Amino acid sequence: MNKLKLPITLTFLLILFIACSNDDEDNSYEIYTIEDLNLLHNNSSKTWELEAYYQNYDNWISDQNDCFIDDSYIFKTDNEVEVISGNENCYFGNSEIAEASYDFYEEQGEVWLTMIRGEITDNLVNSTSFSLKLIELKEDRMVFSTGDKRDYKKALIFVKN
């Protein structure tokens, strides 16, 4: 009976090892090409809406979610993202600045989005800025996040307009 324990234990460990290694592959980042960017900007420009802005995708919508999802985002081929502001401002008053751009690093196959929101009132500047990596890109959905596919942290979830 003791002779059977070792092969059973080894078989169990092998199955466990294979299962864990497959999970690791699912967490790896996508490598994007110039052709993939056509999904982002439709080879000219493409309008996206934000579904949500998360501080932590598991359970925490950002305090600025309402003002971000109120806007339209037009991704263009020149790395520019035109932000068309909606009615909801992130800051008080009408002096809000909303800008975005993306960078494609072909050698690494990475796309990064930089968002800037701010206001200038008299001598006071108040702003929010951050950069997030493209984690998911489909025809009608894209996700920029600080986490990976199974564990988004700060995240912007875009859906096709």
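Look a little higher up for the structure.
Residue positions within a chain follow its written sequence, with the count starting from 1. Only residues with pLDDT of at least 70 get local features here, since the model is predicted, and only at 80 or more are side-chain atom pairs given and counted; chain-wide, interface and lining totals rely on the full set of residues. Side-chain metrics rest on all non-hydrogen atoms present in the structure, leaving aside hydrogens and water.

**Student:** What exactly am I supposed to notice about the overall build of the protein here?
**Tutor:** Runs of H or I in DSSP of at least four residues are treated as helices and runs of E of at least two as strands, each being numbered from the N terminus. In terms of regular secondary structure, the protein is built from three helices and nine strands. If you list the helices and strands of the protein from N to C, you get α-α-β-β-α-β-β-β-β-β-β-β. Relative accessible area decides the class of each residue, using a 1.4 Å probe on protein chains only: under 20% of the type maximum gives buried, over 50% gives exposed, and in between gives partly exposed. Counting all 161 residues of the protein, 35% fall into the buried class. Residue contacts are defined here by distance: any two heavy atoms, one from each residue, within 4.5 Å place the two residues in contact. Within the protein, contacts between residues at least 6 apart in sequence are counted, and of these 48% link residues at least 24 apart. Taken as a whole, the protein presents about 10,000 Å² of accessible surface, with 50% of it coming from carbon and sulfur. To measure how exposed things are, a 1.4 Å probe is used in the Shrake-Rupley method; for residues, cover is taken only from the protein chains shown.

**Student:** What exactly am I supposed to notice about the side chain of serine 62 here?
**Tutor:** Along the chain, serine 62 turns up in the loop between strand E2 (60–61) and helix H3 (65–69). Those residues within four positions of serine 62 in sequence are excluded, and the remaining contacts are Tyr53, Tyr54 and Gln55.

**Student:** I keep staring at the pattern of salt bridges and nothing clicks. Help me out?
**Tutor:** It is possible for side chains of opposite charge to pair when their charged atoms get near one another. Salt bridges are defined as contacts in which a side-chain nitrogen from Lys or Arg sits within 4 Å of a carboxyl oxygen from Asp or Glu. Tallied over the entire structure, the rule returns seven salt bridges. Between aspartate 71 and arginine 117 there is a salt bridge, with the nearest N and O atoms lying 2.3 Å from each other. Of this pair, aspartate 71 sits in the loop between H3 and strand E3 (72–76) while arginine 117 sits in strand E6 (residues 110–121), and the two are 46 residues apart along the sequence. We classify aspartate 71 as buried; its relative accessible area is 0%. For arginine 117, a relative accessible area of 1% corresponds to the buried category. One salt bridge connects arginine 117 with glutamate 96, and the closest N-O pair in it is separated by 3.1 Å. Of this pair, arginine 117 sits in strand E6 while glutamate 96 sits in strand E5 (residues 96–105), placing them 21 residues apart in sequence. Each of Glu51, Glu136, Lys138 and Arg141 takes part in salt bridges that share partners, so that together they form one network.

**Student:** What exactly am I supposed to notice about the packing of aromatic side chains here?
**Tutor:** The geometry of an aromatic ring pair comes down to the distance between the two centres and the angle between the two planes. The pairing test for Phe, Tyr and Trp rings, Trp by its six-membered ring, is centres within 6.5 Å, and the orientation test on the planes gives stacked under 30 degrees, edge-to-face over 60, and tilted for anything in between. For the structure shown, the criterion picks out eight aromatic pairs. Judged by centre distance (5.4 Å) and plane angle (25°), the rings of tyrosine 53 and phenylalanine 130 are stacked. With tyrosine 53 in strand E1 (residues 45–56) and phenylalanine 130 in strand E7 (residues 124–137), the pair connects residues that are 77 residues apart, well separated along the chain. The exposure class of tyrosine 53 is buried, given its relative accessible area of 1%. With 5.4 Å between their ring centres and 85° between their planes, tyrosine 73 and phenylalanine 158 make a pair best called edge-to-face. Of the two residues, tyrosine 73 is situated in strand E3 and phenylalanine 158 in strand E9 (residues 155–160); the sequence distance between them amounts to 85 residues. Look at tyrosine 73 and you get buried, because its relative accessible area is 0%.

**Student:** What exactly am I supposed to notice about the pairing of E5 here?
**Tutor:** The side chains of a regular strand alternate between the sheet's two faces. Judged by which residues are buried, E5 turns out to be one-sided: Glu96, Ala98, Ala100, Tyr102 and Phe104 face inward and are buried, whereas Ile97, Glu99, Ser101, Asp103 and Tyr105, on the alternate face, are not. Any two strands with at least two DSSP bridges between them are considered paired. Summarising the sheet, strand E4 (residues 80–84) and E5 pair through two bridges and their orientation is antiparallel. What sits directly across from glutamate 80, in E5, is serine 101. Both E5 and E6 contribute to a ladder of ten bridges, which runs antiparallel. Residue pairing in the sheet places isoleucine 97 in a bridge with glycine 118 of E6.

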